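Fold and contact review
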Amino acid sequence: MSESVENRFLRYVKIDTQSQDDVEKVPSTDKQFTLANMLVEELKAIGLEDVDVDKHCYVMATLPASPGFEKKPVVGFIAHMDTSPEAPGGANPVVWKDYNGKELKLPKEDIVISPNENPELKNYVGQTIITSDGTSLLGADNKAGVAEIMTALELMVKDPTIKHGKIRIAFTPDEEVGKGTEFFDVDRFGAKFAYTIDGGELGEVENETFNAATAICKFKGYNVHPGYAKNKMRNSIRAAGYFITLLPEDMAPETTEGWEGYLHPNNFKGAVEETTIKVLIRDFKNEGMEEKKKELEAIKGRVNERYQDIDINLEIKESYKNMKIILDKHPHVMDMAFEACRRAGIEPKLRNIRGGTDGARLCFMGVPTPNIFAGGINFHGKKEFIPVQSMEKTVEVIIELAKLVSER
Ligand SMILES: [Zn+2]
């Protein structure tokens, strides 16, 4: 008997693997090794080869090809083990069997997942839904992906009628803090192309990510005792606050959707002497990125005019690029993703990712890697939930993908 994807998922989400921002080392938190080491043991127990975890917490493993299929291209499946720093990790999962279509009132805190706020809930009436108890996020992002890949591997090992080429697996740390591929050894991975199992709702297949950069804006002032501050103190917090008010409100994550980009101030740290703001810059098009960078420069100019005695330094760091540029050069990778969904009885929905994935960076490191649904909804918050039946479909899609590669 193979372990069900539901059971695996319930085991993995209990382990706290929250990553942390602004940490130099990878993994950013040692606790990610708890899950990594556990997965190593489970991969070995299932019968995979070359199973190991390196010092940066990257787990890799090989499912050898079925006899006679050794020459087929090597395909990779990837999921990340960490959960977002935006909500507490380590869930006490709650299983809602035979979902009745009404509000889900999480038991531990006054949190309600309602069909008004989440109309997609109506698609899952009668299914089994998993949530957290309200004290943490659920961690379906991305432990659903981990559980789905593990389940698919076990099913493929136990059923020799499923023919496949060599398959490589990677479970990565620190995706949520933008470092999931920092120490990803593409040569060691050795896949010609891969799929991250890190998407949202049932059927979603994603081939576009944002272009992403971060603006780091430093304001330098001068501090003296407020009792003697007249004409002496220069308060960097005031200049930084003014900067924030000038960011266009119709260009924010909370006011945009679909193909619109945004400027998102997501961190503000300061004292009189020095204040630092971080602003995320996101757009699907290169021109859009350039416009937004110019906008920030213009805002900096306006703040400079008003606070002439505050030193302002604006630095822009590139994070990742839209992966479509690469995927368009390898159309079969997307074609197979669509075909695998159809074989699993799902009509694929092509989506863009208003964010990044490990795959976006991997595309530019030589491994074309689109993103496939893992089934979860409301990522990064306490209202995160996942229908079990969606996870089961993802398992099917992974197996169909493996078969398709062997048919090529
Ligand atoms: Zn994710």
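Residues numbered from 1 in each chain as written. Predicted model: local features only at pLDDT ≥ 70, side-chain atom pairs only at ≥ 80, totals over all residues.

Secondary structure summary: the protein contains ten helices and 17 strands in total. Relative to the 2.2 N^0.38 estimate, which gives 22 Å for 408 residues, the radius of gyration of the protein is 23 Å and therefore close to what a compact globule would have. Residue pairs in contact within the protein that sit at least 24 positions apart in sequence constitute 79% of those at least 6 positions apart. (Helix = DSSP H or I, 4+ residues; strand = E, 2+ residues; numbered from the N terminus. Rg over C-alpha atoms; globule rule 2.2 N^0.38 Å. Contact = placed C-beta atoms within 7 Å.)

Right, let's get into the packing of helix α1 (residues 5-13) against helix α3 (residues 140-158). Packing of α1 against α3 leaves a shortest axis separation of 9 Å and a crossing angle of 135°. Here α1 lies oblique to α3, going by the angle between them. Both α1 and α3 take part in a crossing whose hand is right-handed. Side by side, α1 and α3 meet where Val5, Arg8, Phe9, Tyr12 and Val13 of the first sit next to Lys143, Ala144, Val146, Ala147, Glu148, Met150 and Thr151 of the second. By residue class, the composition of the contact of α1 with α3 is eight nonpolar, one polar and three charged. (Axes fitted to C-alpha atoms, helices over the stretch in contact; angles between N-to-C directions. Parallel < 35°, antiparallel > 145°, perpendicular 65-115°, else oblique. Left-handed = near helix turned anticlockwise from the far one by under 90°. Nonpolar A, V, L, I, M, F, W, Y, C, P; charged D, E, K, R; others polar.)

For the rest of this paragraph, the subject is the domain arrangement of the protein. Here the domain parsing of the protein yields domain 1 (5-209 + 322-407) and domain 2 (211-320). Relative to domain 2, the C-alpha centre of domain 1 lies at a distance of 35 Å. Facing the eight residues of domain 1 at the interface are six residues of domain 2. Contributions of two or more residues to the side of domain 1 that touches domain 2 are made by β10 (204-209) and α9 (358-364). Among the residues forming the side of domain 1 that touches domain 2, the class breakdown is one nonpolar, five polar and two charged. (Domains from an automatic or database assignment.)

Among the nonpolar cores identified, the biggest contains 103 residues, and Ile149 and Ile398 are the most heavily contacted of them. Counting contributing residues, this core receives three or more from each of domain 1 (5-209 + 322-407) and domain 2 (211-320). Once residues within four sequence positions are removed from consideration, Ile398 is found in contact with Phe77, Glu148, Ile149, Ala152 and Ile197. (Core = buried A, V, L, I, M, F, W, Y, C linked by C-beta atoms within 7 Å. Buried ≥ 20, exposed ≤ 12 C-beta atoms within 10 Å, placed from the backbone.)

All of the buried residues along helix α5 (residues 236-246) are Ser236, Ala239, Ala240 and Phe243. Buried residues of α5, viewed axially, fall in a sector of 95°; they line one side. Its buried side turned inward, α5 meets β11 (211-220), β12 (262-270), β13 (274-283), α6 (286-306) and β14 (311-320). (Arc of directions from axis to C-beta.)

As summarised here, the arrangement of the eight strands in space is β1-β2-β8-β3-β9-β16-β10-β15, forming an open sheet in which the pairing is mixed. Pairing within the sheet leaves two strands with one partner each, and these edge strands are β1 (49-53) and β15 (349-353). Strand-to-strand twist in this sheet, taken as the mean axis angle between neighbours without regard to direction, amounts to 25°. Both strand β9 (residues 193-199) and strand β16 (residues 371-373) contribute to a ladder of two bridges, which runs parallel. (Pairing = 2+ DSSP bridges.)

This part is about the sheet that holds β12. Overall, antiparallel pairing links the four strands, which are arranged β12-β13-β11-β14 in an open sheet. Of all strands in the sheet, those bounded by a partner on one side alone are β12 and β14. In this sheet, neighbouring strand axes are inclined to one another by 20° on average, regardless of whether the strands run parallel or antiparallel. Judged from the eight bridges that link them, β12 and β13 form a sheet pairing that is antiparallel.

Looking now at the pairing of β10. Of all the six residues making up β10, five are buried; the element is thus mostly covered by neighbouring parts of the structure. Here β10 pairs with β15 via five bridges, running parallel. When the sheet's bridge partners are listed, Glu206 is paired in β15 with Arg351. Relative to β16, β10 runs antiparallel, the two sharing two bridges. Of the residues in β16, the one forming a bridge with Glu206 is Asn371.

This brings us to the pairing of β9. The element β9 is extensively covered by neighbouring structure, given that seven of its seven residues are classed as buried. Judged from the four bridges that link them, strand β3 (residues 75-80) and β9 form a sheet pairing that is parallel. Paired with Ile78 across the strands is Thr196, a residue of β9.

Okay, the packing of α1 against helix α10 (residues 388-407) next. Contact geometry for α1 and α10: axes closest at 9 Å, N-to-C directions at 110°. Considering their axes alone, α1 and α10 lie roughly perpendicular with respect to each other. The residues of α10 that touch α1, namely those facing Val5, Glu6 and Phe9, are Val388, Met391, Glu392 and Val395. Within the contact of α1 with α10, the residues separate by chemical class into five nonpolar, no polar and two charged.

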